[in-house]
Amino acid sequence: MKQNLKNARRSPWSAIAVILAGLILTGSGFAAATASTSAASESPYTAGQVEQGHKLFLSNCASCHGKNAEGTANGPSLYGVGAASVLFQVETGRMPGAISGPQLEVKPVQFKQPEIDAMAAWVASLAPGPAAPTAAYLAQKGDASRGGQIFRINCAMCHNAVGAGGALTGGKYAPALTNTSAAHIYEAMITGPQNMPVFSNSDLTLADKTDIITYLQAVQTNPSIGGFDLGNLGPVVEGLFMWIFMLGGLVLITMWLGAKSN
Amino acid sequence: MTTASENSKKGGFLAGTANYLDERVGVAGILKTFGRKVFPDHWSFMLGEVALYSFLVLLLSGTFLTFFFQPAMTPVIYDGIYGPLKGAHMSVAYASTIDISFEVRGGLLMRQVHHWSALLFVAAAGLHMLRVFFTGAFRKPREINWIVGFALFVLGMAGGFTGYSLPDDLLSGNGLRIIDGMIKGVPVIGTWISSLLFGGEFPGDGIVARLYSLHIMLIPALILVFIAIHLFMVVIHKHTHYSGAGKRDDNVVGYPLAPVYVAKAGGFFFIVFGVIMLVAATFTINPVWNYGGYDPSPVSAGTQPDWYIGFLDGALRLTPSHLEVMLGNYTLSLNVLIPMIVGVLFLVVVALYPFLEAWVTGDKREHHVLDRPRNAPTRTAIGAAGVVFYAVLWAGAATDLIATNFKMSLNQVLLSLQIALIVLPIAAYIVTKRLALSLQRKDREIVLHGRESGRIVRLPHGEYVEVHEEIDEYTRYKLVDFVNYQPILARPNARGKITIRGRIRASMSSWFFEDRVTPVTPAELKAAHSDTKELH
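Residues numbered from 1 in each chain as written. Chains lettered and ligands numbered in written order. Predicted model: local features only at pLDDT ≥ 70, side-chain atom pairs only at ≥ 80, totals over all residues.

### Brief notes about the overall build of chain A
From N to C terminus, chain A includes twelve helices and two strands. Ordered by position from N to C terminus, the α and β elements of chain A give α-α-α-α-α-α-α-α-α-β-β-α-α-α. Radius of gyration (C-alpha) of chain A: 28 Å, far over the 18 Å computed for a compact globule of 262 residues. Summarising its shape, the C-alpha atoms of chain A cover approximately 130 × 40 × 35 Å along the three principal directions. (Helix = DSSP H or I, 4+ residues; strand = E, 2+ residues; numbered from the N terminus. Rg over C-alpha atoms; globule rule 2.2 N^0.38 Å.)

Written out as structure tokens, the structure is:
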């Protein structure tokens, strides 16, 4: 028996068995580790929603994203984009896109909310990805002042310090954030739609994101304190307004004063 | 004066005071000279007044702001009433600007009054300069006053920029950073100057206090001195007037200062003040609380200077950005130097234009009757080209806003403006010159053959003609009263030589006056009338 064991250890098969065992161990260990991160967000969607979403996808989205959402030359693969991407793109009317251009435009929403949720459910079922935000992130209970600082450092170079938007290269642009809901701000940060980079939780922590959302919502709801804000576009608009209305008006007054004497 | 004491008894308090002053400082003499000074009446003569009055508003509102503004860059933690900044780190300068806006009674209104009137001051001065340019009011004897006015315009820009930078918010800090970059782009001395100005590496901790000294002392004092010189010279030269019957180079036709213009100008001051207050009370300007305190790390999209610095920012944006040359270990930043040189050169040409034109035309006479722009086609065309050049540079400062608001590509907007900067001034020159010459020909036509009356008459043999009505003498005066300049020929000097200078001048002169329409002479007028007795 002892001899047998010794022989078995020396057998060429034993090396293969050890490697096999090692592989199984690390493989299942890795699977378990990764599963634990994605399994943390249990799917909030029902099988019926997934089914409906699939049908809506085939009739509305498949022409660009491919029948299995594998992506085509006209649209990217949707594996791993998560429910958050679907909600952001479809709820703001950007998807389905009207025309191909440098950037998808915001337009009237094309689907009812249950349909959007169903499509999100189906896309989320394809592969793990960013999920819809929970209410806690959107409650706007963060620190607006800190959010403003984080916003100016991370976002203002494209979106402008007041969130009035700005130009990017080749017809692309960072949209104004003056009318954006808390959920869409959150979804944009975690999914990086169009030309926006992804701000993962290691770039901006959940607390940072909550602060930014709180700040932007505070800016939106605050009335313009000094009077009409002229679109909040800064000195260019102020200069134009002054030339046209102030100086223009005063020139008309000088003409009136000059004409009186005749 | 012998009956002064009697008068004071008769006239009561007012006459008494007048008499008291007259006996001590000679008020009557001053009033007699100044009060009887005649000014001509035209709306375009009031543009400079708009600038003057907005400067007075600037002084008043600025004094109010100095009571509460603290020009220090000491870091503090904000603890005022504005929620979205609570607990934020900022400089004392920024915090005091926020406090002026939210906690000082009337502070926000005064800030907005100050900022709107600053924009208006420079704009009104610029428009006034354009009026002076296009009517040729800068000609002898007013060349020096043109320079003084130009200095006022530049001082206005300097005052505006230093003020723009004081609140130490993100927008103004970004603007200062651009200035810092431009200074550092100057070869050899640039880095030294930047270091001296900011007291070390940007942003340092002293720049706001330094700009504040310039903004509230040096620049306004200089502006006041130059305004005094400017107005004093208007008194010395007397005002120009537009041509018309009885208006000559040796007289001024108009109304006296007292009482007509004292009342008019006084009223106009309150109108200007009122317009500024109305706008400042209803439209927000530079809402600094939105921008946050300055911190060198964030740069905001859509960062622009106030309009009067826009043409320099535009020059910076329109210059191709890769123009950097390495000379050994040194970088020559042509992408920064070219826009600076273009901007400065443009201003120098504006300042020296009266002297350039006087040299080219060889006109040494005094001029007090203004030109109609059409009667100086080349000058008007040069002016139009300059305005277009400036406007394209100015639009260049807003490339990003043009791109986003009109849904165009930023790159294509930039490229179009780069092309426009070269092509449009040339086109403006040609079109304006042709327009001016055509208008002159039309004037000739009207003088010689009268105005179209719109009355169609059928002649006995069946022909239809329109009746032309002869214009009256006064209108005709305005249409024929201009000088027929001729190109100067290059003539040999005392030694019998034609100098290169003379040749250049001759060619410049023929460029100015080769294409010209001569005014109608009395002989032509007589001839035209004698052979056109019948309808034509």
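### Comments concerning the overall build of chain B
When helices and strands are tallied, chain B shows 19 helices and ten strands. Taken along the three principal axes of its C-alpha coordinates, chain B extends 95 × 80 × 65 Å. Per-residue burial over chain B gives 37% buried out of 536 residues. Long-range contacts, defined as pairs at least 24 residues apart, comprise 72% of the intrachain contacts of chain B with a sequence gap of at least 6. (Buried ≥ 20, exposed ≤ 12 C-beta atoms within 10 Å, placed from the backbone. Contact = placed C-beta atoms within 7 Å.)

### So, the confidence of the model for chain B
Parts of the prediction with low pLDDT should not have their coordinates interpreted in detail. Residue and element names in this part refer to chain B. Considering every residue of chain B, the mean pLDDT works out to 91; 97% of them sit at 70 or more. In the model of chain B, helix α1 (residues 4-25) stands out as the element of lowest mean pLDDT, 76, in contrast to helix α5 (residues 107-134), which has the highest, 97. Model confidence for the complex is summarised by a pTM of 0.88, with the ipTM given as 0.90. (pLDDT = per-residue confidence, 0-100.)

### Topic: the UniProt feature "domain: Cytochrome c" (unreviewed entry) in chain A
Residue and element names in this part refer to chain A. In the numbering used here, UniProt assigns the "domain: Cytochrome c" (unreviewed entry) feature to residues 48-127 and 142-220. The span residues 48-127 carries 51% helix and 0% strand; its end-to-end C-alpha distance comes to 18 Å. End C-alpha to end C-alpha, residues 142-220 measures 15 Å, and it is 51% helix and 5% strand. (UniProt positions renumbered as here; feature names shortened; annotations may be inferred.)

### Focus on the domain arrangement of chain A
Residues and elements named next belong to chain A. Segmenting chain A into domains produces domain 1 (47-126) and domain 2 (135-221). The straight-line distance from the C-alpha centre of domain 1 to that of domain 2 is 23 Å. In this complex, domain 1 contributes 14 residues to the contact, which on the side of domain 2 involves 13 residues. Grouping the constituent residues of the side of domain 1 that touches domain 2 by class yields seven nonpolar, six polar and one charged. (Domains from an automatic or database assignment. Nonpolar A, V, L, I, M, F, W, Y, C, P; charged D, E, K, R; others polar.)

### Quick word on the packing of helix α6 (residues 143-165) of chain B against helix α13 (residues 334-361) of chain B
All names here are of chain B. Two numbers describe how α6 lies on α13: the axes approach to 8 Å, and their chain directions differ by 165°. In terms of axis orientation, α6 runs roughly antiparallel to α13. As for how α6 packs across α13, the hand of that crossing is right-handed. Taking contact as the criterion, the partners of Glu143, Trp146, Ile147, Phe150 and Val154 in α6 are, on α13, Leu347, Val350, Ala351, Pro354 and Phe355. Among the residues making up the contact of α6 with α13, the classes are represented as nine nonpolar, no polar and one charged. (Axes fitted to C-alpha atoms, helices over the stretch in contact; angles between N-to-C directions. Parallel < 35°, antiparallel > 145°, perpendicular 65-115°, else oblique. Left-handed = near helix turned anticlockwise from the far one by under 90°.)

### Things to note about the interface of chain A and chain B
In this complex, chain A contributes 51 residues to the contact, which on the side of chain B involves 58 residues. Taken together, the elements giving at least two residues each to the side of chain A that touches chain B come down to α8 (144-154), α9 (156-159), β1 (166-167), β2 (173-174), α11 (206-221) and α12 (235-260) of chain A. Sort the elements by how many residues they give to the side of chain A that touches chain B and α12(A) lands first, with 16 residues. Among the residues forming the side of chain A that touches chain B, the class breakdown is 29 nonpolar, 19 polar and three charged.

### So, the packing of helix α12 (residues 310-318) of chain B against helix α14 (residues 377-396) of chain B
Residue and element names in this part refer to chain B. Running from amino to carboxyl end, α12 crosses α14 at an angle of 75°, the nearest separation of the two axes being 6 Å. The pairing of α12 with α14 is recorded here as roughly perpendicular in orientation. Touching Gly310, Phe311, Gly314, Ala315, Arg317 and Leu318 of α12 are Tyr390, Leu393, Trp394, Ala395 and Gly396, all from α14.

### Brief notes about the nonpolar core
Ranked by internal contacts, the top residues of the largest apolar core, which has 156 residues, are A:Ala120, A:Val123, B:Trp116 and B:Leu120. Top contributing element to this core by residue count: α5(B), with 15 residues. Dropping the residues within four chain positions of it, B:Trp116 is found in contact with A:Met242, A:Met246, B:Ile276, B:Val279, B:Ala280 and B:Ile285. (Core = buried A, V, L, I, M, F, W, Y, C linked by C-beta atoms within 7 Å.)

### Describing the UniProt feature "transmembrane region" (unreviewed entry) in chain A
Sequence positions flagged by UniProt for "transmembrane region" (unreviewed entry) are, in local numbering, residues 240-259 of chain A. Secondary structure across residues 240-259 of chain A comprises 100% helix and 0% strand; the distance between its end C-alpha atoms is 27 Å.

### Section: the domain arrangement of chain B
Domain annotation for chain B reports domain 1 (1-35), domain 2 (46-240 + 258-298) and domain 3 (436-530). A straight line from the C-alpha centre of domain 1 of chain B to that of domain 2 of chain B covers 41 Å.

### Remarks on the UniProt feature "domain: Cytochrome b/b6 N-terminal region profile" (unreviewed entry) in chain B
UniProt's entry tags residues 17-243 of chain B with the feature "domain: Cytochrome b/b6 N-terminal region profile" (unreviewed entry), counted in the numbering of this structure. Taken end to end, residues 17-243 of chain B is 69% helix and 4% strand, and its first and last C-alpha atoms sit 42 Å apart.

### Describing the pairing of strand β9 (residues 451-458) of chain B
Residues and elements named next belong to chain B. Little of β9 sits out of view: just zero of its eight residues are buried. Pairing analysis gives six bridges linking β9 to strand β10 (residues 464-469), with the strands arranged antiparallel. Looking across to β10, one finds that Arg451 is bridged to Glu469. Hairpin connection, β9 to β10: the antiparallel pair is bridged by five residues, and Gly462 has positive phi, about 100°. (Pairing = 2+ DSSP bridges.)

### Comments concerning unusual backbone geometry
At the junction of B:Lys140 and B:Pro141, the peptide bond is cis and its omega measures out at 10° in the coordinates. In this structure, B:Pro141 sits in the loop between α5 and α6. A positive phi angle is found at A:Asn160, which is not glycine, with a value near 75°. Looking at the element boundaries, A:Asn160 is found in the loop between α9 and β1. With a phi close to 55°, A:Asn232 is a non-glycine residue in the positive phi region. With respect to the element layout, A:Asn232 can be found in the loop between α11 and α12. A count of 20 C-beta atoms within 10 Å places A:Asn232 in the buried class.

### Some points on the pairing of strand β7 (residues 330-333) of chain B
All names here are of chain B. Looking at chain direction, strand β6 (residues 324-327) and β7 are connected through four bridges and run antiparallel. Directly across from Glu324, in β7, lies its bridge partner Ser333. Connecting the antiparallel pair β6 and β7 is a turn made up of two residues, with Gly328 showing a positive phi of about 60°.

### Section: helix α10 (residues 257-282) of chain B
Here α10(B) contains 26 residues, and its C-alpha end-to-end distance of 35 Å stays within 8% of the 38 Å for a straight helix at 1.5 Å per residue. Buried residues of α10(B): B:Lys264, B:Phe268, B:Val272, B:Val275, B:Ile276, B:Val279 and B:Ala280, and no others. (Expected span 1.5 Å × (residues − 1).)

### Some details on the confidence of the model for chain A
All names here are of chain A. Taken over all residues, the pLDDT of chain A has a mean of 85, while the share at 70 or more is 90%. Of all secondary-structure elements in chain A, the lowest mean pLDDT belongs to helix α1 (residues 2-10), at 65, while β2 reaches the highest, 92. pLDDT under 50 marks residues 36-41. Its contacts with residues more than four places away, or in other chains, come to two contacts.

### Some thoughts on the environment of A:Trp122
Residue and element names in this part refer to chain A. The residue Trp122 is located in helix α6 (residues 113-126) in this model. Looking at Trp122, the number of C-beta atoms within 10 Å reads 25, which means it is buried. Expressed as a C-alpha distance, the spacing of Trp122 and Ile16, which sit 106 residues apart in the sequence, is 42 Å. Apart from the residues within four sequence positions on either side, Trp122 is in contact with Val50, Gly53, His54 and Phe57.

### What about the environment of A:Leu240?
Residue and element names in this part refer to chain A. When you line up the elements, Leu240 lands in helix α12. With 15 C-beta atoms counted inside 10 Å, the residue Leu240 sits in the partly exposed group. Residues Leu240 and Gly101, spaced 139 residues apart in sequence, show a C-alpha to C-alpha distance of 30 Å.

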